[in-house]
Amino acid sequence: MIVVKFGGTSVADADAIRRAVDIVRQRLDREPIVVVSALAGATNALLAIAEQASRGQLIGAVRAVEALRERHLAQATALLDDDDDGRELCAELSATFDELAHLAEALSVLGDLSPRSKDAIASIGERLSSQLVVAAMRKMGVDAEHVDARDVMITDDQYCRAEPQPEAIAEAARDLVLPLVRRDRVPVLGGFIGATKEGVTTTLGRGGSDYSAALLGAALGAEAIEIWTDVDGMLTADPRVVKGARLIEQIRFDEASELASFGAKVLHPSTIAPAVERGIPVWIFNSRNPGGSGTRITHEAPRRAVSAIASRSGIVLLQLRTPRMLLTHGFLRRFFEIFERHGVSVDVVATSEVSVSVTIDEGEDLEGLLIDLRELGDISIARDRGVLAVVGSGIGDGGEAMGRALAALAGVRIHLLSLSAAGINLSVVLDASETAPAMIKLHDAFFGEGAKR
Ligand code: ADP
Ligand code: ASP
Ligand code: MG
């Protein structure tokens, strides 16, 4: 049994969906379970509808609902023709769009957008795409069956970034998904979406379909989890920044996890954990190049001095200075407790005797946090920062990789620098505008024409 997940560009339109169905068809003997994202751009469009409606701009929101309806119905017709099955599918999709239009109307009356309503609307993308893919599979002769992900992906009620409940998921997957596989049918679920045990719709956070695939794979003890996307695999840098980024054929779980957490969008950062727990290899493949070798993520991959470079912008750097830290104990505990109390997660940390610097994501609510932190000392905040991560086994081993990384960063203003305890991640915080040029320099130093590898 394997889990095969298709991202938004891999189900963007009728042609992409046909390619995805072909990929599944070639894997029927491995008992595939299929997880799909929303059509490329659909989640963004849905969230924009929710924002617009809740600001009272109902006419604009309804127009956007109709545009999205047209897009889905056009793909449905292209896939199924205008026969009975095609008409039935269009009617089903249309009913979901009617529901969306009603939700938009309700939001415009309320004039407010709660995280719970946001999830109700965002979930519609995967509900639609999974129905579309099931119909396409059947049309192309694959015995597919739709499973509502909300019956399987049981989560808590932290809307917009719900926490999956592995035991409940395993039980539901055994009850609802496994029997289909045993009857040689192909279960198809929407990624990203789930529900509380009371049945209220939730989502796992943006990009969360990868996580759904890994959770399902772990719940059912799959042999492999395949993530099908629009690049050949995990690359040595973000290909949107570094033109010469190269394919990494094998990478260790810990390194892939660092890269995902530090901005390699090709994998949702939570994807690795469920796979590691069960030792299930994760593959990344390109649905436009299905013959490619892809990237294999496992425990056994070879160690390299540097595997790849990732970056993330939208970072806020907070620095606390206080002489009270000098020679005292328990200070850092008090400092971090404040973050815990406000539910703000900290990424990179560096401390000295009298100061501590941390990064957090932009968009976190800072007001209350800052009031409490000011009780401890002088706080400065710098927005518009980015973080670069150089990931590889040679970074902390005293070899020359660290020197080479620092030499490549000569002349770049570094605000914070941190080496992870496992010695595989050198993170540097820079001005956001510096992250792309610095990534290019680092990539050139480790993977460029003249670089010794
Ligand atoms: P999907 O919709 O299939 O989930 P995403 O857009 O979420 O796809 O992720 C794939 C994208 O991740 C690629 O198109 C690429 O631009 C970006 N990316 C960033 N860093 C990396 C990296 N190191 N390796 C591969 N892709 C990366
Ligand atoms: N459709 C969701 C998003 O755009 C989830 C995903 O694609 O993984 O965030
Ligand atoms: Mg993604």
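Counting restarts for each chain, with residues numbered from 1 along the sequence as it is written. Each chain gets a letter, beginning with A, and each ligand a number, beginning with 1, in the order they are written. Restriction of local features to residues with pLDDT of at least 70 applies here, the model being predicted, together with a cutoff of 80 or more for giving and counting side-chain atom pairs; totals for whole chains, interfaces and linings are based on all residues. Calculated side-chain values reflect all of the structure's heavy atoms, with hydrogen atoms and water omitted.

Draft legend 1. Structural context of the site of ligand 1. Nearness is judged by heavy atoms alone; a residue qualifies as near a molecule or strand once a single heavy atom is within 4 Å of it. Close to ligand 1 lie 16 residues, the nearest being Thr229, Asp230, Leu235, Arg240 and Lys265. One of the backbone nitrogen or oxygen atoms of Gly8 is found 3.2 Å away from an oxygen atom of ligand 1. Whenever a nitrogen or oxygen atom comes within 3.5 Å of another N or O atom, the pair is scored as a polar contact, on the condition that within protein one atom can donate a hydrogen and the other can accept it, and that pairs from neighbouring residues in sequence are kept only if both atoms are in side chains. Take Thr229: an N or O atom from its side chain is 2.8 Å from an oxygen atom of ligand 1. All accessible areas in this document rest on Shrake-Rupley with a 1.4 Å probe, and a residue is counted as covered only by the protein chains that are shown. For ligand 1, whose free accessible area comes to 570 Å², the fraction covered by protein is 88%. Gly falls in the polar group here, along with every residue not listed as nonpolar (Ala, Val, Leu, Ile, Met, Phe, Trp, Tyr, Cys, Pro) or charged (Asp, Glu, Lys, Arg). Split into classes, the residues belonging to the shell around ligand 1 amount to seven nonpolar, four polar and five charged.

Draft legend 2. Inspection of the environment of Met140 at higher detail. In this description a helix means any DSSP run of H or I spanning at least four residues, a strand means any run of E spanning at least two, and both kinds are numbered starting from the N terminus. Mapping Met140 onto the fold places it in the loop between helix H6 (124–139) and strand S3 (144–146). Counting along the chain gives 119 residues from Met140 to Val21, while the straight-line C-alpha distance between them is 7.6 Å.

Draft legend 3. Highlighting the nonpolar core. Only buried Ala, Val, Leu, Ile, Met, Phe, Trp, Tyr and Cys residues count toward a nonpolar core, and they belong to the same one when joined by side-chain atoms within 4.5 Å. The rule is simple: take the accessible area with a 1.4 Å probe, protein chains only, and divide by the maximum for that residue type; under 20% is buried, over 50% is exposed, in between is partly exposed. By size, the foremost hydrophobic cluster in this structure holds 85 residues, and its most contacted members are Leu216 and Met234. Counting residues per element, this core draws most heavily on helix H7 (residues 166–182), at eight residues. With near-sequence residues (within four places) excluded, Leu216 lies in contact with Val3, Ile33, Val35, Val152, Met153, Ala173 and Leu189. One finds Ile2, Leu73, Leu93 and Ala104 within the second-largest nonpolar core, a separate group that totals 51 residues. Any two residues having at least one pair of non-hydrogen atoms within 4.5 Å are treated as being in contact.

Draft legend 4. The sheet that holds strand S4 (residues 186–190), seen in detail. Pairing in this open sheet of eight strands is mixed, and the strands run S3-S4-S2-S1-S7-S9-S10-S8 from one edge to the other. The open sheet has two edge strands, S3 and strand S8 (250–252), and neither has a second partner. Adjacent strand axes in the sheet meet at a mean angle of 20°, parallel and antiparallel pairs treated alike. Pairing between strand S2 (residues 32–36) and S4: three bridges, direction parallel. When the sheet's bridge partners are listed, Val34 is paired in S4 with Val188. Angular values range over 0 to 180 degrees, each being the angle between N-to-C directions of two axes fitted as lines to C-alpha atoms, with helices fitted over their stretch in contact. Helix H1 (residues 14–25) contacts strand S1 (2–6), S2, S4 and strand S7 (224–229) of the sheet and is inclined by roughly 170° relative to S1. On the sheet, H6 packs against S2, S3 and S4 and is oriented at approximately 160° with respect to S3. Pairing between two strands requires that DSSP report at least two bridges joining them.

Draft legend 5. Region of interest: helix H4 (residues 84–110). An ideal rise of 1.5 Å per residue puts 39 Å on 27 residues; H4 measures up with 39 Å between its terminal C-alpha atoms. Those residues of H4 that sit buried are Gly86, Leu89, Cys90, Leu93, Ser94, Thr96, Phe97, Leu100, Ala101, Ala104, Leu107 and Ser108. Here the buried face of H4 lies against helix H2 (42–54), helix H3 (58–80), helix H5 (115–122) and H6. Here H4 starts with a cap whose side-chain oxygen sits 3.3 Å from the backbone nitrogen of Asp85, and that cap is Asp83. Positive backbone phi, approximately 65°, marks Gly111, located one or two places after H4. Working rule for helices: expected span equals 1.5 Å times residues minus one.

Draft legend 6. Spotlight on the site of ligand 2. Lining the immediate surroundings of ligand 2 are Ser37, Thr43, Glu126, Phe192, Arg206, Gly207, Gly208 and Ser209. With respect to ligand 2, the side chain of Ser37 contributes an N or O atom lying 3.1 Å from an oxygen atom. One of the backbone N or O atoms of Ser209 is found 3.0 Å from an oxygen atom in ligand 2. Class assignment of the residues belonging to the shell around ligand 2 gives a composition of one nonpolar, five polar and two charged.

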